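Here are the chains, one letter per residue:
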Amino acid sequence: MSETGREPLRIGVLGAARITERSLIDPARATGHRLVAVAARDRARAEAFAAGHGVERVVSSYADLIADPEVDVVYNPLANGLHGPWNLAALAAGKHVLSEKPSASNAAEAAEVRLAAERAGTVFMEAFHYLFHPVTRRLHELLASGELGELRHVEAVVAIAAPPDTDPRWSLPLAGGALMDLGCYGLHALRMLAPWAGGAPRLAAARAGERAGAPGVDEWLDADLEYPGGATGSARCHMAHDGLDMSIRIVGSRGEATAPNFVLPQLDDRITIRTTQGERTEHLGTRSSYTYQLEAFAARVRGGAPLPLDADDAVTTMELIDAAYRAAGFEPRPRTARAGVS
């Protein structure tokens, strides 16, 4: 049994992505859920993945995994452009789906995923794991308590060193780009502050730079947002940065709070709070945000517990991503056909 005392999730994994070890394998071990099956385009790679991570068996294709009657949850960490097609396929098969972000290549495809989830009656969630960690919950508490006063400004930065040129994150057909891979975190984090800002933010402006040798793919993008209550926001992302920066700074009328790594708070669990009363640093714990996420997802699937993320939320995020691309002079990412990728 899982740690909740309920029946463990029976999870099938699409692909053998590197992220899966920290995003799913370790959390499943920690919480007692089963890794039933894995499929990859290269069966030998799938077999090595299964042997190395304790997955019970290998199946021949993504389609076979989705059709497997023992699999009740499909985890989708494929390249961005393959999120939408395989999310649609898994939902059509009646599976619960935990999809890496973003849920689709563009807002139109995300709306199709939402409709498929409604028809399936199963749980669909986009894996914005940061939202479940105490670091993010504490930032929200600081606003809700009034300690920071009224929200005036928020700035989020998500930047990493450049992946290799052959990485699918640089591929336009696979829906790559800095905003898709990184900036979605910043936009989502700013969206989640709506309760303390008079409502959801709107895009005011965006600027971006194209990756050399990758036409139509953004190497960096800066988005400016405005809230109904008068606060402003900045969401910056860079996929060829000099180092790592995943920080968020929230400024209120009475003080401010900064988290140096809100995306991966298990690597740095600090929040620094500055008010007229002085400065202090709080440590919120290094337990993985992915483990908190899997617990919350399982509680929804097995017990009907509420979730802060659903297919509606995924559509709203993709609408903001598409708007930022257009404002910066880029086109939204094209959708990818499923045929031939299994």
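A. Here's a closer look at the environment of Asn87. Relative to the helices and strands, Asn87 is located in helix H4 (residues 83–92). For the pair Asn87 and Ala208, spaced 121 residues apart in sequence, the C-alpha to C-alpha distance is 29 Å. Not counting residues up to four positions away in its chain, the partners in contact with Asn87 are Asn76, Val97, Ser99, Ser103, Val113 and Phe124. Polar side-chain contacts of Asn87 include one of 3.0 Å to the side chain of Ser99.

B. Structural view of the packing of helix H7 (residues 178–191) against helix H9 (residues 311–327). Look at H7 against H9: their axes get within 10 Å of each other, and the N-to-C directions meet at 115°. At the point where H7 passes H9, the crossing takes the right-handed sense. Residue-level inspection shows Leu179, Met180, Cys184, Leu187, His188 and Arg191 of H7 in contact with H9, the latter providing Asp313, Thr316, Thr317, Met318, Leu320, Ile321, Ala324 and Tyr325. Its residues placed into classes, the contact of H7 with H9 shows nine nonpolar, three polar and two charged.

C. How the structure looks around the packing of aromatic side chains. Within this structure, the stated rule accounts for six aromatic pairs. When the ring of Phe128 is compared with that of Tyr130, the centres are 6.3 Å apart and the planes differ by 85°; the resulting orientation is edge-to-face. Side by side, Phe128 and Tyr130 carry an identical accessibility label, which is buried. Ring geometry for Tyr130 against Phe262: centres 5.6 Å apart, planes inclined by 90°, an arrangement best described as edge-to-face. Highlighted residues: Tyr130 in the loop between strand E6 (124–126) and helix H6 (134–144) and Phe262 in the loop between strand E12 (255–259) and strand E13 (270–275), separated in sequence by 132 residues. Across the pair, exposure class does not vary: Tyr130 and Phe262 are buried alike.

D. Layout of the environment of Gly230. By secondary structure assignment, the location of Gly230 is in the loop between strand E9 (218–226) and strand E10 (232–238). For Gly230, a relative accessible area of 57% gives the class exposed. With 59 residues separating them in the primary sequence, Gly230 and Ser289 have C-alpha atoms 31 Å apart.

E. Fine view of H7. Counted at 1.5 Å a residue, the expected span for H7 with its 14 residues is 20 Å, and the 18 Å between its end C-alpha atoms agrees. At Cys184, H7 is deflected by roughly 45°, the largest bend along its length. With 14 of its 14 residues buried, H7 lies for the most part within the structure.

F. A look at empty space enclosed by the protein. One pass over the full model with this rule turns up one cavity of 30 Å³ or more. Its volume calculated, the largest cavity comes out at about 60 Å³. If you trace the largest cavity, you find it lined by Tyr130, Thr136, Leu139, His140, Ala189, Leu193, Ile248, Ile250 and Phe262. Every element with two or more residues in the lining of the largest cavity is listed here: H6 and strand E11 (248–252). By residue number, the principal contributor to the lining of the largest cavity is H6, which donates three residues. Looking at the lining of the largest cavity residue by residue, the classes come out as seven nonpolar, two polar and no charged.

Rules used in this analysis
Residues numbered from 1 in each chain as written. Predicted model: local features only at pLDDT ≥ 70, side-chain atom pairs only at ≥ 80, totals over all residues. Heavy atoms only, no water. Helix = DSSP H or I, 4+ residues; strand = E, 2+ residues; numbered from the N terminus. Contact = heavy atoms within 4.5 Å. Polar contact = N/O pair within 3.5 Å; in protein donor to acceptor, adjacent residues only side chain to side chain. Axes fitted to C-alpha atoms, helices over the stretch in contact; angles between N-to-C directions. Left-handed = near helix turned anticlockwise from the far one by under 90°. Nonpolar A, V, L, I, M, F, W, Y, C, P; charged D, E, K, R; others polar. Phe/Tyr/Trp six-rings, centres within 6.5 Å; stacked < 30°, edge-to-face > 60°. Buried < 20%, exposed > 50% of the residue type's maximum accessible area, 1.4 Å probe, protein only. Expected span 1.5 Å × (residues − 1). Bend = angle between axes of the 7 residues up to and from the residue. 1 Å grid on protein atoms, 1.4 Å probe; cavity = no way out; pocket = protein on both sides within 12 Å on 5 of 7 lines; lining within 4 Å. Points joined across faces, edges and corners; volume = space filled by probe spheres on them.

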